[in-house]
Amino acid sequence: PRALLRAGESFADLWNRPELDPSYGETARATFTELQNRYPGTPAAETAKVRLTELDEMFAEKAYLTGVFYHRIKAYDSAILYFKDLVATYPRTRAAPKALLKLVEEYRLLRYEEDAAETCDYLRRFHTDVVGLQELCPAPAAS
């Protein structure tokens, strides 16, 4: 288990910036997952679990940056695909609330008002502390 852990950590260390090619990160994820499957309950498997969470944060950040790139070049539908995939694949990461805010922006640019309203409702229910929420998604007026 220690050898697998060290191999996974070596690959993870090689992928140190999310905007770069994630091949090393993918190999690290596969190695940590193999470690957990072969040696469950070991200290090495517990460390691998923590490292997998760190890798998820980097993969989520990579998807977020890719979505922002597509937004910058006005490929809004592509940006939406990346942001939605990020939220579906990595819902517990720090990038997920940011991606949801970007989704609202994309939806409004494309005049998908119903989708924007649903995403705002979701943000108000599950991510009340995200910076920019009140400006982008003001609470509906009480009737």
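Residues numbered from 1 in each chain as written. Predicted model: local features only at pLDDT ≥ 70, side-chain atom pairs only at ≥ 80, totals over all residues. Heavy atoms only, no water.

A.B. asks: Summarise the state of the cysteines; cite the residues concerned and give the values.
C.D. replies: If you walk through the whole model with that rule in mind, you get one disulfide. At a sulfur-sulfur separation of 2.0 Å, the disulfide partner of C120 is C137. Taking the sign of the S-S torsion, -65 degrees for the link of C120 and C137, the bridge is left-handed. Pair noted here: C120 is in helix α6 (residues 113-126) and C137 is in the segment after α7 (133-136), with a separation of 17 residues, a long-range link. Residue C120 is classed as buried on the basis of its relative accessible area of 3%. Look at C137 and you get buried, because its relative accessible area is 1%. (Disulfide = S-S within 2.5 Å. Helix = DSSP H or I, 4+ residues; strand = E, 2+ residues; numbered from the N terminus. Buried < 20%, exposed > 50% of the residue type's maximum accessible area, 1.4 Å probe, protein only.)

A.B. asks: Requested: an account of the environment of F11, with residues and values cited.
C.D. replies: Inspection of the secondary structure assignment puts F11 in helix α1 (residues 2-14). Residue classification places F11 among the partly exposed residues on the basis of a relative accessible area of 29%. Along the primary structure F11 and Y24 are separated by 13 residues, whereas in three dimensions their C-alpha atoms are 5.2 Å apart. Those residues within four positions of F11 in sequence are excluded, and the remaining contacts are Y24, T27, A28 and T31. (Contact = heavy atoms within 4.5 Å.)

Keep in mind these numbers describe shape, not what the thing actually does.
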